[in-house]
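Chain and residue survey
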Amino acid sequence: SAADKLTPGDTRVKYETAQIRGKTYSYMLGEPEGQPKDTIVLVHGFPDIGFGWRCQIPYLISLGLRVVVPDMLGYGGTDAPAEIEPYSLKSVSDDLAELARKFVGEDGQIILGGHDWGGAVVWRLPLWHPKLIKGVFSVCTPFPPPRSEYHDLKDVIALGILTNFKYQLQFRGPETEANIQGEEKLRQFFTCMFGGRTSDGEPAFDVSKGILFDKLDSLKPSPLLSKEELEYYVKKYAAHPAPELHGPLNWYRTAKLNFEEDRPLAETPTVLEMPSLLVTAEKDTALPPEMARNMDKHFKDLTKKSVNASHWALTQAGPQVNEYIGEWIKSSVW
Ligand SMILES: O=C(NCCCc1ccccc1)N[C@H]1CC[C@H](OCc2c(F)cccc2F)CC1
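Residues numbered from 1 in each chain as written. Predicted model: local features only at pLDDT ≥ 70, side-chain atom pairs only at ≥ 80, totals over all residues. Heavy atoms only, no water.

Regarding the pattern of salt bridges
Under the defined criterion, the tally for this structure stands at 23 salt bridges. Of the charged contacts in the structure, one is a salt bridge between Lys90 and Asp94, with a shortest N-O distance of 2.8 Å. A residue pair is termed a helical-turn pair when its members lie 3 or 4 positions apart in one helix, as Lys90 and Asp94 do in helix α2 (residues 89–104) at four residues. Asp262 serves as the salt-bridge partner of Arg124, at 2.9 Å between the closest nitrogen and oxygen. One end of the pair, Arg124, is in helix α3 (residues 117–128); the other, Asp262, is in helix α10 (residues 255–266), with 138 residues separating them in the sequence. No difference in accessibility class separates Arg124 from Asp262, as the two residues are buried. (Salt bridge = Lys/Arg side-chain N within 4 Å of Asp/Glu carboxyl O. Helix = DSSP H or I, 4+ residues; strand = E, 2+ residues; numbered from the N terminus. Buried < 20%, exposed > 50% of the residue type's maximum accessible area, 1.4 Å probe, protein only.)

Some words on the pairing of strand β5 (residues 110–115)
With six of its six residues buried, β5 lies for the most part within the structure. With burial as the criterion, each face of β5 is covered, one bearing Ile110, Leu112 and Gly114 and the other bearing Ile111, Gly113 and His115. Remark: the β5/α3/strand β6 (residues 133–139) crossover connection has right-handed handedness. (Right-handed = clockwise from strand over helix to strand, strands pointing away.)

Some remarks on the site of the ligand
With respect to spatial proximity, 15 residues lie near the ligand, and among them Asp116, Ala120, Pro144, Tyr167 and Tyr252 are the closest. Here a nitrogen atom of the ligand and a side-chain polar atom of Asp116 are 2.7 Å apart. Between the ligand and the protein, one listed contact pairs an oxygen atom with a side-chain N or O atom of Tyr252 at 2.5 Å. Isolated, the ligand exposes 650 Å² of accessible area, and the fraction of that covered by the protein chains is 85%. Mapped by element, the contributors of at least two residues to the shell around the ligand are α3 and α5 (167–171). Here the shell around the ligand is composed, by residue class, of 11 nonpolar, three polar and one charged. (Near = heavy atom within 4 Å. Polar contact = N/O pair within 3.5 Å; in protein donor to acceptor, adjacent residues only side chain to side chain. Areas by Shrake-Rupley, 256 points an atom, 1.4 Å probe, with all protein chains shown as cover. Nonpolar A, V, L, I, M, F, W, Y, C, P; charged D, E, K, R; others polar.)

Here you go:
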């Protein structure tokens, strides 16, 4: 049933690794009964791991899909190179294309889904590998059109634009990975990012400020994570040497690289031909639904839905997200 979710170390999926373009990727593999109808690849964001799709995986297997859910570069059981280049959207897209082809072959296709930074990846991957993608969906993240001019985020925010991205100025800098090291700080960090509040109801993360480090040690547990789930996230991140967040935060240091790699795409109007789905989260303060207002002109077949949830819509509105994905697969992809 849709209310069913994977538990840490769940035996309903296999835990595999693969060498992909010189990096070790770790991924969960869920196989349906009988011959898979299709293969779906799910791409998580920050600060997450493949386990972030725990509410979707059993449901998608029940649709007859083979489900492949990697820990993305820098996360969990996957390598975390120190340099920034391997984290560009194109490089990560090329990694995922190679991983996908292990299951569907050189001429096969996958359904591709992403959340958060994973949503940024899934909107770029089909532009680099159009034949591979049978259908693509994103939860929370709108399509960011390739730009022909580069504007540093600091300058954009100074103009009062995209102030909901101000936390990214902190994330791309040195202080976050310097302040969040070791299991106890990681535990406070996840509690903070997953909506934990202090005893007087104050959050320790605000998109227009970033993390308020001095509030981290007075947070009450987040209602979005059970103790077991929190410990699973902590253990997965603590498996990397300190600073454990260096790899994950490198995703925020790729803006110039992504712009350079986007250049050829920006020369002509970008239109995705394959069936596409966007599910926005009405209470997502980093990625509010109105950010998707100009998306339609980049799509031939776009379905837009929204859920009444925060950024963590995959778990907070799991059954509703599953219903939208399932409906879209049955009506637009199949
Ligand atoms: O930072 C993110 N998530 C962490 C914060 C999660 C959170 C939110 C609210 C409350 C609690 C926690 N997500 C990124 C995902 C990529 C987005 O970039 C969009 C984009 C492209 F995709 C491509 C080119 C330019 C471009 F701007 C920017 C937000």
